[in-house]
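# Topology and contacts: notes
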Amino acid sequence: MKTMMETSYSPASSFLADHTHTIMPSLLSGRILHFAKLSAASSSEFHSSKQVKFAKKISRNSAISVRRADSGSSPRKTQKLNLEVSPHRAVSAVRLMRIELGGAFADLLNEQGKGSGDNEMEYVERTLGFRTRDLDGRDLRLVTEVVGGTIRWRRYLDHLILSLCHDERTFRSMEPLLLQILRIGFYEITKLDMPPYAVVDESVRLAKVALRPGAGNLVNGILRKLAVLKESDSLPAVKVDGDDRQQARGLATLYSHPVWMVRRWIKYFGQDEAIKLMTWNNNYPSFSIRANTRKGLTGADLISRLKMLKVPHEPSLYLDDFVRIKTGMQNVIQAGLLKEGFCAVQDESAGLIVSIVDPQPGENIIDCCAAPGGKTLFMASRLNGQGTLFAVDINKGRLRILRETAKLHQVIDVISTIHADLRTFSMDKVVEWDKVLLDAPCSGLGVLSKRADLRWNRRLEDMEQLKHLQDELLDSASRLVKPGGVLIYSTCSIDPEENEERIEAFLLRHPEFDIDPVNKYVPGNFVTKRGFYMSNPVKHELDGAFAARLVRPQ
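Remember, predicted model here, so these are calculated numbers, not experimental data.

### Examining the packing of helix α5 (residues 137–152) against helix α8 (residues 176–190)
Between α5 and α8, the least distance of the axes is 9 Å, while the angle of their chain directions is 100°. What the angle tells us is that α5 and α8 run roughly perpendicular. Between α5 and α8, the contacting residues are E145, V146, G149 and T150 on the first element and R183, I184, Y187 and E188 on the second. Of the residues belonging to the contact of α5 with α8, the class tally is three nonpolar, two polar and three charged.

Shown next, in the form of structure tokens:
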């Protein structure tokens, strides 16, 4: 799952390499580049222009200070500790600002589990000028829920806030932190059904301490209005009528997606399917974890471990070594299963693409855009120590992480990494491979449920750039396939222009390749009329993904 030139086919990909703090949990989101630019689909890009200045000057001395004794010494040290402000609210507000600035992702998962809370509190202190009490496990789960949900529902929440402000200028001139405090409060009251009195009280307290008393008064007035409207079931309605453009705009607000995306999905899938897809994207995502058989752990063993950890789970319907979990990921992390390499977070849609590659012991395989390596590692485990798997990527830092993870997963014996741009690498190579996987950079429109922030970081213009890049990479990958070999093209997108249309265009340029239907490798309900693989989030309850298997005759 690679999205929007996230291997350094774009200069911004070095940012992603710098922020890959984890080994396998990064696979939760696929290979997705987080842009700092925000989509014009939301009014919040107006606020983002102020956030850099705000972050520099926000540090204040308004926190309630308490004195703590240094352990083992008599001198007393003043720390800016505020015990009245809710930890999850402060962390969520700061993290939401960091996400809009491009400095963070929407999930808190890492291999340390508890360590993420310490990191977040450092950002709170740096931004707001004070700390709260430490985050406990419940706080971490709540931050993950609140941050993800607030991002998903941002467009709808802004519609409600604007409606209750009764003055567009007031809304558009809000400080970034004030806007985030309101968004969090609106989300908790309208979507989490939290007690309004508690949400109002905590939100007002944060606004007063982090900003000023007047900000707290504004938050108090707006949230109290919301609570009354919610109680009487009379929240400001969203109009979904008029011509096609007006209907798309209304649906985009109601289901909180960019307008261009809604119009595109209605065009390709129809309005009913587009609504189902947006509903899926707005739900809390489930995850799959893959047992690492190279360390002697089978799917059945993994299920036993999850039972011991009391993590709700169910076996995959499609892959023996995969298990689905909806909640309890923090338990898995804190038990060390990811950190010790016994399993990896990987969606079944990605696992099915490896099934389509069908790695066999002794084969010579190349993964053309490999980092961070989820499919690479799974393919390597299928080789059972026999054969070679070359992992090519343009991002040197992410290849280093791949190598480290391959050692951890005990598959490094068959993996060789190559730091190169595929487009130049393929020009002077005479080696021909049995199987060539091109998991191409794409829009990531199939993984929006897991990457809550991604919908706001995509533009319609991106699609044209991506199609051109995908064509270039397909042409380059095709040069590496030996006669009788196989080329597999895959994406984590549901967009026909990135999927079927790219293959049809490729076959016109390369008539020497034939389609090899994937029905021999995946269940029939994933196979399209043309013999391609397509996972549909609504139909299959997996991430959206695509793959085509192409054979070069002898």
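And the narrative resumes.
### Points about the environment of Y197
Tracing the chain through its elements places Y197 in helix α9 (residues 196–210). Owing to a relative accessible area of 66%, Y197 belongs among the exposed residues under this scheme. Sequence spacing of Y197 and A227 is 30 residues, and the spatial spacing of their C-alpha atoms is 8.4 Å.

### Section: the side chain of K450
In this fold, K450 is placed in the loop between β13 (441–442) and α20 (460–478). A residue is classified by how much of its surface remains accessible, and K450, at 12% relative accessible area, is buried. Polar contacts involving the side chain of K450 include one to the main-chain carbonyl oxygen of S286, which spans 3.3 Å.

### Comments concerning the nonpolar core
Membership of the largest hydrophobic core comes to 53 residues, with the highest contact counts inside it found for L128, M174, F186 and L206. Contributing elements (two or more residues each) for this core: α3 (87–100), α4 (115–128), α5, α6 (154–165), α8, α9 and α10 (213–231). Top element by residues in this core is α8. It accounts for nine residues. Core analysis: the next-biggest nonpolar cluster, separate from the first, contains 32 residues, M379, L383, V414 and Y533 among them.

### Some remarks on the pairing of strand β5 (residues 287–291)
With respect to burial, β5 is a largely interior element, five of its five residues being buried. Every second residue of β5 is oriented toward a common face, with F287, I289 and A291 on one face and S288 and R290 on the other, all of them buried. Pairing between β5 and strand β7 (residues 322–325): four bridges, direction antiparallel. When the sheet's bridge partners are listed, I289 is paired in β7 with V323. Bridge count between β5 and strand β8 (residues 343–345): three bridges; the pairing is antiparallel. Among the inter-strand pairings, I289 is bridged to a residue of β8, identified as V345.

The rules behind the values
Residues numbered from 1 in each chain as written. Predicted model: local features only at pLDDT ≥ 70, side-chain atom pairs only at ≥ 80, totals over all residues. Heavy atoms only, no water. Axes fitted to C-alpha atoms, helices over the stretch in contact; angles between N-to-C directions. Helix = DSSP H or I, 4+ residues; strand = E, 2+ residues; numbered from the N terminus. Parallel < 35°, antiparallel > 145°, perpendicular 65-115°, else oblique. Contact = heavy atoms within 4.5 Å. Nonpolar A, V, L, I, M, F, W, Y, C, P; charged D, E, K, R; others polar. Buried < 20%, exposed > 50% of the residue type's maximum accessible area, 1.4 Å probe, protein only. Polar contact = N/O pair within 3.5 Å; in protein donor to acceptor, adjacent residues only side chain to side chain. Core = buried A, V, L, I, M, F, W, Y, C linked by side-chain atoms within 4.5 Å. Pairing = 2+ DSSP bridges.

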